[in-house]
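Geometric and topological summary
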Amino acid sequence: RVMDINVVGAFQVLQACAKNMAAHGGGAIVQTGSVAGLRGTPTMGAYVASKAAIHGLTMTASKDLAPHNIRVNTVMPALIGPSSGFMWKRQNELHAASGSPYFDRDPAVVAAKKIGGVPLKRLGEVEEVVEAV
């Protein structure tokens, strides 16, 4: 399911956009990847593989579509908040419960260690990702 949504879905959208853009003189396509696809994240194999696939798809599509004046890039956010959000809390709970030696058993400690590894010592904001595009 993760691969169908994150890879097959992205590929189908890319194809449709590229066809239309090629017919109209070019354009720009920005896909959504993740830093996880570059560095790997324990216990998230399908997600990591799907985001690595997006990176590879982008590199290939950028070369294939350049002759049609179409740029293809990927924005690769890392830890995005808010810290009060369901997804952030749930991911930390799942990591803590995973039994992985890479994660503490306390979700609060998992969260603190993740944020501690970020240079700005905070979660990124959705608006920051949008502004990058």
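Shown above is the structure to which this text applies.
In what follows, the accompanying structure is described. Everything quoted here is computed from the prediction, not taken from an experiment.

Once that is clear, we can look at the packing of aromatic side chains. Considering all chains together, one arrives at zero aromatic pairs under this definition. It is K114 that lies over the ring of W88; its NZ or CZ is 5.4 Å from the centre.

Here we take up the side chain of S34. Of note, S34 is situated in the loop between strand 1 (27-32) and helix 2 (36-39). Those residues within four positions of S34 in sequence are excluded, and the remaining contacts are Y47, K51, M76 and P77.

Let's shift gears to the pattern of salt bridges. As enumerated under the stated definition, the model contains two salt bridges in all. Between R90 and E93 there is a salt bridge; the shortest N-O distance is 3.4 Å. Taken together, the positions of R90 and E93, both in helix 4 (residues 86-97) and three residues apart, correspond to about one turn of that helix. According to the relative accessible area criterion, E93 is partly exposed, its value standing at 37%. In this structure, E128 and R122 form a salt bridge, with 2.6 Å as the shortest nitrogen-oxygen distance. Residue classification places R122 among the partly exposed positions, given a relative accessible area of 31%.

One way to see where empty space is left: roll a probe the size of a water molecule over the atoms. In this structure, the largest pocket spans a volume of roughly 1200 Å³. Around the largest pocket sit 42 residues that line it, and Y47, A78, L79, I80 and Q91 are the ones nearest its centre. Elements that contribute at least two residues to the lining of the largest pocket include exactly helix 2, helix 3 (45-65), helix 4, helix 5 (107-116) and helix 6 (126-132). Of all the elements, helix 4 adds the most residues to the lining of the largest pocket, at seven residues.

Right, let's get into the packing of helix 4 against helix 5. Relative to each other, helix 4 and helix 5 sit at 110°, their axes nearing to 8 Å. In this view, helix 4 runs roughly perpendicular relative to helix 5, as classed from their interaxial angle. For helix 4 against helix 5, the interelement crossing comes out right-handed. Counted together, W88, Q91, N92, E93, H95 and A96 of helix 4 and P107, V110, A111, K114 and I115 of helix 5 form the full contact between these two elements.

Another aspect to go through is helix 3. For helix 3, built from 21 residues, the straight-helix expectation of 30 Å at 1.5 Å per residue is met to within 8% by its first-to-last C-alpha distance of 30 Å. On its buried face, helix 3 sits against helix 1 (2-23), strand 1, helix 2 and strand 2 (70-75).

A separate point is the side chain of Q31. Tracing the chain through its elements places Q31 in strand 1. Excluding residues within four positions of it along the chain, Q31 makes contact with A10, L14, I54, L57, T58, V72, N73, T74 and V75.

Further remarks concern the nonpolar core. Grouped together as the largest cluster of nonpolar side chains are eight residues: L14, A18, M21, I29, A61, L65, I70 and V72. Of all elements in the fold, only helix 1, helix 3 and strand 2 reach the threshold of two or more residues within this core. With three residues, the top contributor of residues to this core is helix 1. Contact partners of I29, with chain neighbours within four places excluded, come to L14, C17, A18, M21, L65, I70, R71, V72 and N73. By size, the runner-up hydrophobic cluster in this structure holds five residues, among which are L79, W88, A111 and L123.

Cut-offs applied
Residues numbered from 1 in each chain as written. Predicted model: local features only at pLDDT ≥ 70, side-chain atom pairs only at ≥ 80, totals over all residues. Heavy atoms only, no water. Phe/Tyr/Trp six-rings, centres within 6.5 Å; stacked < 30°, edge-to-face > 60°. Lys NZ or Arg CZ within 6 Å of the ring centre and 35° of its normal. Helix = DSSP H or I, 4+ residues; strand = E, 2+ residues; numbered from the N terminus. Contact = heavy atoms within 4.5 Å. Salt bridge = Lys/Arg side-chain N within 4 Å of Asp/Glu carboxyl O. Buried < 20%, exposed > 50% of the residue type's maximum accessible area, 1.4 Å probe, protein only. 1 Å grid on protein atoms, 1.4 Å probe; cavity = no way out; pocket = protein on both sides within 12 Å on 5 of 7 lines; lining within 4 Å. Points joined across faces, edges and corners; volume = space filled by probe spheres on them. Axes fitted to C-alpha atoms, helices over the stretch in contact; angles between N-to-C directions. Parallel < 35°, antiparallel > 145°, perpendicular 65-115°, else oblique. Left-handed = near helix turned anticlockwise from the far one by under 90°. Expected span 1.5 Å × (residues − 1). Core = buried A, V, L, I, M, F, W, Y, C linked by side-chain atoms within 4.5 Å.

Interpretation in functional terms is not warranted from these geometric data alone.
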